[in-house]
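Below are the chains, spelled out letter by letter.
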Amino acid sequence: MWVISNAKQCQALLTIFWLAVLGAGTGSEAAPLEKYVGTSWSHKDGLPSTLIYEITQTRDGYLWLGSSDGLVRFDGINFVHQKLVSKTDQLVGAVTALYAGKDDALWVGSGSGLVTRLSGTLWQQYRVGADIEAIVETSERGVWVIARNGLYKFGESSRGELLPAQRINVPQIFQLLAAGAGEISLSSRVSMPVEEGAAIYARKVVLGGRTLFLNEGRKGAAWLGIRSFLGDKNVGIGLRDRRGYLWTGSSISGLARTSGDGRQFETELANDLVECLFEDREGNIWVGTNNGLSRFRFGKIFSLTKRDGLSSDRTSSVETTGRTVWVGTQAGLNRIDKEHVQWLLRGLNVLTVKAVQNNQLWIGSTQGVFAVSETDRVSKPQRMIADLSSVIEIERASAGCVWLLDAKKGLYLWKSGALLRIVNAGSGTITAIRARDDGALWIGFLDGELGIYKDGSFHELSTVGRLPGGTVQDIYVEKNGTDGRGVTWFGTETGLYRFNGKDLTILNTETGLPGSRILWLQGQGDDILWSGFSTGVAELRRSDLRDSARVSPHKLRCDFYDSEDGLTSDPVRRSQAAASLDSQGKLWFTTSAGAAVIDTLHIEKNSLPPPVVIERVIADNREAPIGPPMRFPPLTRNLQIDYAGLSLTAPRKVKFRYQLEGYDKEWQSAGNRRQAFYTNLQPGSYWFHVTAANNDGVWNENGATLSFAILPAFYQTRLFILLCVVAAAIIAWGICRLRLQQMQAALNTRFQERLAERTRIAQDLHDDLLQSAMGVSLQIELTDALIEEPHAAKAHLQRALILSRALMQKGREVLRDLREKTREATDITRALSNALDGGQQADGPASRLTVEGQPRDVNPLVADEFVQIGCQAIANAFQHAAAKKLEVHLVYKPAELCLEVEDDGRGMDPRIAEARRPGHYGLIGMRERAERIGGILTIASRLGEGTKITVSVPGEQVYRESKP
């Protein structure tokens, strides 16, 4: 055992040891990076049966699977088991052959020898009596069924039934194979030569106990032969995709992929038994095995792990120099050149990597800071700094200067071979640094604080203060931005911040970002900003983000790439050097297991808009059959519409929007939700329209539509509503009539009461007052007869006699009025005329009474009040108006009796006319009389402009029918 007590000697020996180890790094090349991404489904994903015999795709976009448990439909998300039955109501059983016909029909072949043709809701069946191996349609629109007992060709169907097939027996097939040099074409003339050109599909079939190959060409040609274009008879199935890759499946090596130059790539299905292969309309490769369903597609992101040659899957940093990529891991430094991996500095725990100057690459590690040459693949590492062992950030500054951030010791500046500690760079924990062209250094802290270190001093950014987003993860400074304002971007835990030197703007999920936690930022060109999130990477346009206040979330352009695009592990940030862009436009970044790369200049876009289908409609928890006449019963409360966008490349990235015309005023954005819900829809007709966009934002604007109607309940029909309106009108009219009758009855009661009172008064007047007055008159007459002329009292007695006679006459008139039950129209006119005559004075106003309309007899009770109002108005005009002209206008209208008294006198204050002030009892009495008879009194007057008094009484209350 060796024991070293001297610390300096220990450090020197350790340095020598590490230099020896690091210098001994060796390169190991891996196979070129592949871009196909695999996904699998099994029982746990809802697949009814994991033994898949055949796969096809119909024109509507659905993927159909022939399994040991029957027919299965797949939309990329959900599996739907379609149970087929025969004419005898027995289940068809295992589906061993499928074909999507050019006429949109689906041909299904079963292991029980039953051929079924599905076209919409029409089923047609034909039994061939043996296991069906394959179904194929030739360019001549002939459908061939290959069964174990022969070939069957089906023509057009008639009356919903398949016509009897043309059969070629097994002996004939073998004779034709012999005559055709081992191949026979499936056409109307089976002896015709096989179409020239490479086949794209081949699979084994069994006929009469012998194994043959079914080959298919690109132009619809199909033929049977004793050999296939695959050459190897041990390969049971093969498919050449549109990119030129050959996919083969066998019972020995499982699924394999071979490139055009002969390189073979192993897949994760190397140990599975491949039953079928299929390429869909979007270029995805589907594989049916004995263990389930798998899909392989050309990914936009491909990963590099320890399996591909990396020294470790725990990556810390990535840096690019030209076309060379440097990846730091906990087990060393990796150099990737032309998609090949070389392992350098074996055993070194690399924390960060940064290209600085003079073709040097600086490496921060747990053993200090090292430098290696970018150009020399086998150069010895040079130990630059030994005092720092936790350098997690390295930033290139001005010439000869490098910024270093040690997680334990803080910020340092390496300048001209000397290491300077920066002690005045803020008081918090630094998490991000970024150098500017002017020599200043942006510094971000754990608590969200921001500052700038320049010319030896630290300046906290007072205009920003502490970011509410918390930890500053990364800083990106625009150098040649299109706005020319030196914009700086800050990636934090809760959003992306943009600082233009004055204002700070935040962007997060509310403004359209796919997430809020920003791991790193990487600029590209003048407009692109790549951002790393915990689940993927996003391509953002700075021109869209520049004025976020005017950018709504659904207009913010953001292409997000995640596991659906080939990312096998989530992005991570173990240092600020978590992403880098090489000179070829490839973006490299660290993940939780290895590194990943996306070729930003050659991202393959899916240009096919997804077919959109409406799968089912559920009304009040009951599924309704979809058809043209969709009518839902009255009082349908809950409606659920399920739809799908059939893009199988990245089905979870399909976006939807829908609108229910007659209810929604605008389009509703549903994201990737595949259901629309409506509650308490009113009766009526509706039109549902849904559209979808694929994973690259290509919209199918036509979408799918569905029209339906909700029937009204009896009380929601127009007739019922009309009847309710009519009934309400009748009830209102009845209430009004009842009220008028009640009012008229009340008036009649009051009239009877007053009439009885008037009768009593008339009796008292006749029996007492008039009799007494008559007695007085007789005494005066006797006295007048006894006194002779020229006695002085003679004249006074005669005068008293005249007055007594006049009093008696007046009393008789009053008695007559009291006894009458009706009043003639002439009585109202006479009363008003008398009021005008009685108030007339020599210097008074000129007065005039006019009468319009057909005079009618009136109710004396109402007429008395009416006349009293008119007489009071006339008296007021004579006494107070000082007018020159007074006009009284009496109008007999069919529906009312109206009186107007208008003068051109001094008028009055409108407040006096409207308010019931003490001292104006004439006006108060007029209003009270009008209220008692159900009339309306209005007074229009202004100082110096005269006065107009109007009273109107409804005809039902004032008029009476004349009696003979």
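Rules used in this analysis
Residues numbered from 1 in each chain as written. Predicted model: local features only at pLDDT ≥ 70, side-chain atom pairs only at ≥ 80, totals over all residues. Heavy atoms only, no water. Helix = DSSP H or I, 4+ residues; strand = E, 2+ residues; numbered from the N terminus. Buried < 20%, exposed > 50% of the residue type's maximum accessible area, 1.4 Å probe, protein only. Contact = heavy atoms within 4.5 Å. pLDDT = per-residue confidence, 0-100. Phe/Tyr/Trp six-rings, centres within 6.5 Å; stacked < 30°, edge-to-face > 60°. Lys NZ or Arg CZ within 6 Å of the ring centre and 35° of its normal. Pairing = 2+ DSSP bridges. Axes fitted to C-alpha atoms, helices over the stretch in contact; angles between N-to-C directions. Arc of directions from axis to C-beta.

1. Thoughts on the overall build of the protein chain
Then, number 1: Summing up its helical and strand segments, the protein chain has 10 helices and 66 strands in all.
Then, number 2: Taken across its 964 residues, the protein chain has 50% of its residues classed as buried.
Then, number 3: The contacts of the protein chain with a sequence gap of at least 6 include a subset with a gap of at least 24, amounting to 53%.

2. Quick look at the confidence of the model for the protein chain
Then, number 1: With 86% of its residues at a pLDDT of 70 or more, the protein chain shows a mean pLDDT of 83.
Then, number 2: Counting contacts from residues 1–32, a segment whose pLDDT is below 50, to residues more than four positions away or on other chains yields 44 contacts.

3. Section: unusual backbone geometry
Then, number 1: Residues other than glycine seldom take positive phi values, yet leucine 635 does so here, at roughly 65 degrees.
Then, number 2: A relative accessible area of 36% means that leucine 635 is categorised as partly exposed.
Then, number 3: Phi at alanine 882 takes a positive value of approximately 55 degrees, unusual for a residue other than glycine.
Then, number 4: Considering the arrangement of structural elements, one finds alanine 882 in the loop between α7 (860–881) and β63 (885–892).
Then, number 5: Of the residues examined, alanine 882 reaches a relative accessible area of 55% and is grouped as exposed.

4. Describing the packing of aromatic side chains
Then, number 1: Applying the stated criterion across every chain yields a total of 29 aromatic pairs.
Then, number 2: With centroids separated by 5.1 Å and ring planes inclined at 80 degrees, the aromatic side chains of tyrosine 36 and tryptophan 247 adopt a geometry described as edge-to-face. Of this pair, tyrosine 36 sits in strand β1 (residues 36–41) while tryptophan 247 sits in strand β19 (residues 246–250), and the two are 211 residues apart along the sequence. The same class applies to tyrosine 36 and to tryptophan 247, which are both buried.
Then, number 3: Considering the side-chain rings of phenylalanine 445 and phenylalanine 458, the 5.9 Å spacing of their centres and the 85 degrees angle between planes classify their relative orientation as edge-to-face. Highlighted residues: phenylalanine 445 in strand β39 (residues 441–445) and phenylalanine 458 in strand β41 (residues 457–460), separated in sequence by 13 residues. Side by side, phenylalanine 445 and phenylalanine 458 carry an identical accessibility label, which is buried.
Then, number 4: Feature note: the residues Tyr643, Phe656, Tyr658, Tyr663, Tyr678 and Phe688 constitute an aromatic cluster, connected by ring pairs.
Then, number 5: Between the NZ or CZ atom of arginine 257 and the centre of the ring of tyrosine 245, over which it lies, the distance is 4.7 Å.

5. Notes on the sheet that holds strand β29 (residues 340–344)
Then, number 1: In space, the 4 strands of this open sheet follow the order β26-β27-β28-β29, with antiparallel pairing throughout. Here the strands that pair on one side only, and so sit at the sheet edges, are β26 (315–321) and β29. Ignoring which end each strand starts from, the neighbouring axes of this sheet average 20 degrees apart.
Then, number 2: When strand β27 (residues 324–329) meets strand β28 (residues 332–337), the two strands line up antiparallel, connected through 6 bridges. Looking across to β28, one finds that tryptophan 326 is bridged to arginine 335.

6. Here we look at helix α2 (residues 170–179)
Then, number 1: For α2, every residue scored as buried is listed here: Val170, Ile173 and Leu177. Buried residues of α2, seen end-on, are gathered within an arc of 55 degrees and therefore sit on one face of the element. Away from its buried face, by an angle of more than 90 degrees, α2 presents the exposed residues Pro171, Gln175, Ala178 and Ala179.
Then, number 2: A positive phi of about 55 degrees marks alanine 181, the residue just after α2.

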